[in-house]
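# Fold and geometry: a report
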Amino acid sequence: MGIVGEEVRLSSVTVHWSAAEAAFIARSDQYPGLVARDEWSSLAAVDNLIDVIERQRRPDLSAGRPAA
């Protein structure tokens, strides 16, 4: 989990095992379109969800750069 200007604070996270995906699936009501998964650990799925949320909230630094 990286450090961003503001911390991600979630009031609740739901994690369930998906037999179809053979992985733990994590989601939050606060970010309904974002989902994370991990094949081995429910805690890792939550950590991945926080990473996904941080990347979503981070400004796109490549937007103002010219193409290489």
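Everything in this summary refers to the structure shown in the same document. (Residues numbered from 1 in each chain as written. Predicted model: local features only at pLDDT ≥ 70, side-chain atom pairs only at ≥ 80, totals over all residues. Heavy atoms only, no water.)

### What to know about the pattern of salt bridges
Opposite charge on two side chains permits them to pair, given that their charged atoms come into close proximity. Note the cut-off: The salt bridge definition used is simple: a Lys or Arg side-chain nitrogen within 4 Å of an Asp or Glu carboxyl oxygen. Secondary structure elements are defined from DSSP: runs of H or I of at least 4 residues count as helices, runs of E of at least 2 residues count as strands, and each element is numbered from the N terminus. Buried residues are those whose accessible area, probed at 1.4 Å on protein chains only, stays under 20% of the maximum for their type, while exposed residues exceed 50% and partly exposed ones sit between those limits.
Taken as a whole and judged by the stated rule, the model has two salt bridges. Residues Arg37 and Glu21 are paired through a salt bridge, measuring 3.2 Å at the closest nitrogen-oxygen approach. Highlighted residues: Arg37 in strand 3 (residues 31–38) and Glu21 in the loop between strand 1 (14–18) and strand 2 (23–28), separated in sequence by 16 residues. With a relative accessible area of 36%, Arg37 lands in the partly exposed category. What emerges from the salt-bridge pattern is a single network uniting Glu21, Arg37 and Glu39.

### Examining helix 1 (residues 42–57)
Every α-helix carries 3.6 residues per turn, so stepping three or four residues along brings you back to the same face. Test applied: Expected helix span is computed as 1.5 Å times (number of residues minus one). Residues are treated as being in contact if the distance between any of their heavy atoms lies within 4.5 Å. The definition of a polar contact used here is a pair of N or O atoms within 3.5 Å, where within protein one atom must be able to donate a hydrogen and the other to accept one, and adjacent residues in sequence count solely through side-chain atom pairs.
Taking 1.5 Å of rise per residue, the 16 residues of helix 1 would be expected to cover 22 Å, and the 23 Å separating its terminal C-alpha atoms lies within 8% of that figure. Looking at the buried positions of helix 1, the neighbouring elements they touch are strand 1, strand 2 and strand 3. Where helix 1 begins, the capping side chain belongs to Ser41, and its oxygen is found 3.2 Å from the backbone nitrogen of Leu43.

### Considering the pairing of strand 3
Note the cut-off: If DSSP finds at least two bridges between two strands, the strands pair.
As judged from the five bridges shared by strand 2 and strand 3, these two strands associate in the antiparallel manner. Note on strand 3: the bridge partner recorded for Arg27 is Val35. Counted along the chain from strand 2 to the antiparallel partner strand 3, the turn is two residues long.

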